[in-house]
Amino acid sequence: MNFWSRYRELIASNLSKETVPEIKGVDYWRDKLFYVIVVYTLPVCMIAYIPAMAICYYLDQTAIAFYDSLAIVLIVLVTFSKRLSLRCRKLIYVFTLYLLSVSLLYYMGAYGPGLLYLLSTVIFVSLIYSSKLAYWCILINTVICLLFALGMQLQVMDSAMVTIYTPEAWLAVASNQVLLSILFAASIQMLTSGFTQTLEKESSLKENIKNEVIESARLVKELKIKNEEMEQFTYIASHDLQEPLNTILGITEVLKLPSARNAARDFEKGLDYISFSVERLKMLIKGLLDYSRIGRQLAFEEVRCEEVIRNVASDLRSAVSESGAKLIIDESVRDMDRVAVFPLDFNQLFQNLISNAIKFRSPTVKPVIEVSVKERSDFYEFLIKDNGIGIDKDNLDKIFIIFKRAHSDTAYQGTGIGLAFCKKIVELHGGKIWVESKAGSGSSFYFTISRHLAK
Ligand code: ADP
């Protein structure tokens, strides 16, 4: 890397802000412009400084030599200091311009350089601050010019200006500087306001595109879930629902046989099978309907989880007392803040998990069910732990699919819909559900829900 690049990099690191804004507005570009101005100021100053010092020596202008040197020191500070804030650097820079203009006017007596520096304060302030501040600069410059005129008039200044020019001539020249300053401030203001409008339009366009991308990603995700649901539904319609229908069909075929018509006992048994299958079909269809209805509730509500669990326990009181189950609500749940949820669905979630923990209890020990929660930065992680019959590892993922069961229909009645419900409800709350278990050693059902769902 050559010297110039290293020099620029050093200034960039001194002047850089910790964070670059996502949308680079006018203020960002003003700071960037200040960086460019700082990069070029020192080399340009050095080119002017060396001959200026020689002239000062020959003309015996020690005061100007002193103020020029002071200006160089200040510019070095602005350029190389590691500690100064950007605001402070800008202030020192503008102060240096004023120092140069006033010292040149006072000690040199010539209008040109001093007035040029006054004009440059207005231009720089318009560029690195704002046009509003630039108008204040014009006011300060006018006051400076008037003070010089007053000093000349009253002959109180020990300045080269007083001896060389009349106040009228000075005011005539100085007024040009003021007029030019107004012209510059106004045109830079127009330029920046046009630039601001373009940037605002661009950033609102970017924001719209970003929102649309997020929205379409959400829609794609939703569509994927719906598609998976549809596939499951097709599978269910063709397999699970056909099973009881096939049974009914088989039995009616048998009942048509003359032997069955004659044997009244076989006929009755057949009818019993039919009504059992029809009942089961009804249950499955109702389950499917309920499943498709999850998520219709539109409004979030802030609830206390402990209260939800206590309500569920009260709804399940006959199963609880019959089994002698003990429900422990951990301190972590009791201490929780309110959470925003779809209340009916959230209630159903706990109801399914707790009633399963009671239903799939061990025949030898009384059920103990413990509900606890861990608060993570973006979500809550709940755990419903039981000491029941457990689930063998081949079935751990399957049981969340609708109608899939890990235990036989005869030993434990059910439709296999409950956990599919839970999965859908948890996903509706921006979370996921899983289980850790081993056959014979209890189950731990985990689920998460987002903490930012209603925000
Ligand atoms: P259902 O309870 O009607 O069978 P679910 O969808 O609630 O349907 O559960 C699916 C299967 O997951 C159950 O049939 C059972 O095999 C298994 N299961 C659910 N909860 C538990 C539990 N706490 N302990 C052991 N097995 C469970």
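In the annotation of an unreviewed UniProt entry, the entry for the protein reads histidine kinase, and the organism field reads Imperialibacter roseus. On record in UniProt, under Catalytic activity (unreviewed entry), the comment for the protein is "ATP + protein L-histidine = ADP + protein N-phospho-L-histidine."

A. A look at the layout of surface pockets. Computed from the structure, the largest pocket encloses a volume of approximately 1300 Å³. Taken together, 45 residues form the lining of the largest pocket, with R405, G414, T415, G416 and I417 sitting closest to its centre. Looking at the lining of the largest pocket, the elements that each hand over two or more residues are helix 9 (242-256), helix 11 (264-293), helix 15 (343-359), helix 16 (418-428) and strand 7 (443-450). Of all the elements, helix 11 adds the most residues to the lining of the largest pocket, at nine residues.

B. Broad picture of the pairing of strand 7. Here strand 7 lies mainly inside the structure; eight of its eight residues are buried. Of the two faces of strand 7, the one lined by S443, F445, F447 and I449 and the one lined by S444, Y446, T448 and S450 are each fully buried. With seven bridges joining them, strand 5 (residues 379-385) and strand 7 adopt antiparallel strand pairing. By the bridge assignment, L383 is partnered in strand 7 with Y446. Examined bridge by bridge, strand 6 (residues 433-437) and strand 7 share five bridges and lie antiparallel to one another. Bridging from a neighbouring strand, V435 pairs with F445 of strand 7. Linking strand 6 back to strand 7 in an antiparallel pair, the connection comprises five residues, with G440 at a positive phi of about 90°.

C. Looking closely at the nonpolar core. By size, the foremost hydrophobic cluster in this structure holds 49 residues, and its most contacted members are F346, F350, F382 and F447. Sorting elements by how many residues they give to this core places helix 15 first, with seven residues. In this view, F350 contacts V308, I309, V312, V371, F382, I384 and F447; residues no more than four positions away in its chain are not counted. With 40 residues, the next largest nonpolar core counts Y98, V125, A149 and V178 among its residues.

D. Expanded view of the sheet that holds strand 4 (residues 368-375). If you walk across this open sheet you meet the five strands as 2-4-5-7-6, and the pairing is mixed. Two strands close off the open sheet at either side, each with one partner strand: strand 2 (326-329) and strand 6. Strand-to-strand twist across the sheet, computed as the mean angle between neighbouring axes with direction ignored, equals 15°. Against the sheet, helix 15 contacts strand 2, strand 4, strand 5 and strand 7, and its axis sits at roughly 175° relative to strand 7.

E. How the structure looks around the pattern of salt bridges. One pass over the structure, following the stated rule, counts ten salt bridges. Taking the shortest distance from any N to any O, the salt bridge between R451 and E375 comes out at 3.7 Å. Of this pair, R451 sits in the segment after strand 7 while E375 sits in strand 4, and the two are 76 residues apart along the sequence. With a relative accessible area of 27%, R451 lands in the partly exposed category.

F. Just the site of the ligand, in detail. In the vicinity of the ligand lie 20 residues, with N356, R405, A406, H407 and L419 positioned nearest. Measuring from an oxygen atom of the ligand, one finds a backbone N or O atom of G418 at 3.2 Å. Taking L419, its main chain carries an N or O atom lying 2.7 Å from an oxygen atom of the ligand. Protein contact buries 97% of the 530 Å² of open area that the ligand shows by itself. Because more than half of its atoms lie within 2 Å of the grid, the ligand is assigned to the largest pocket. Going through the elements one at a time, helix 15, helix 16 and strand 7 are the ones with two or more residues in the shell around the ligand. For the shell around the ligand, the element with the highest residue contribution is helix 15, accounting for three residues. For the shell around the ligand, a count of residues per class yields eight nonpolar, eight polar and four charged.

G. Seen up close, the UniProt feature "transmembrane region" (unreviewed entry) in the protein. Residues annotated by UniProt as "transmembrane region" (unreviewed entry) correspond here to residues 33-55, 61-79, 91-108, 138-157 and 169-191. Strand forms 0% of residues 138-157 and helix 85%; the C-alpha atoms that close the span are 23 Å apart.

H. Inspection of the domain arrangement of the protein at higher detail. For the protein, the domain assignment lists domain 1 (3-210) and domain 2 (299-455). Domain 1 and domain 2 are separated by 70 Å when their C-alpha centres are compared.

I. Looking closely at helix 2 (residues 26-59). The largest bend along helix 2 measures about 30° and falls at T41, with the proline P43 one to four residues further on. Residues V26, Y28, R30, D31, F34, Y35, I37, V38, V39, T41, L42 and C56 constitute the buried set of helix 2. Backbone geometry just downstream of helix 2 places D60 in the positive-phi region, at approximately 60°.

Basis of the calculations
- Residues numbered from 1 in each chain as written.
- Predicted model: local features only at pLDDT ≥ 70, side-chain atom pairs only at ≥ 80, totals over all residues.
- Heavy atoms only, no water.
- UniProt positions renumbered as here; feature names shortened; annotations may be inferred.
- 1 Å grid on protein atoms, 1.4 Å probe; cavity = no way out; pocket = protein on both sides within 12 Å on 5 of 7 lines; lining within 4 Å.
- Points joined across faces, edges and corners; volume = space filled by probe spheres on them.
- Helix = DSSP H or I, 4+ residues; strand = E, 2+ residues; numbered from the N terminus.
- Buried < 20%, exposed > 50% of the residue type's maximum accessible area, 1.4 Å probe, protein only.
- Pairing = 2+ DSSP bridges.
- Core = buried A, V, L, I, M, F, W, Y, C linked by side-chain atoms within 4.5 Å.
- Contact = heavy atoms within 4.5 Å.
- Axes fitted to C-alpha atoms, helices over the stretch in contact; angles between N-to-C directions.
- Salt bridge = Lys/Arg side-chain N within 4 Å of Asp/Glu carboxyl O.
- Near = heavy atom within 4 Å.
- Polar contact = N/O pair within 3.5 Å; in protein donor to acceptor, adjacent residues only side chain to side chain.
- Areas by Shrake-Rupley, 256 points an atom, 1.4 Å probe, with all protein chains shown as cover.
- Sits in = over half its atoms within 2 Å of the grid points.
- Nonpolar A, V, L, I, M, F, W, Y, C, P; charged D, E, K, R; others polar.
- Domains from an automatic or database assignment.
- Bend = angle between axes of the 7 residues up to and from the residue.

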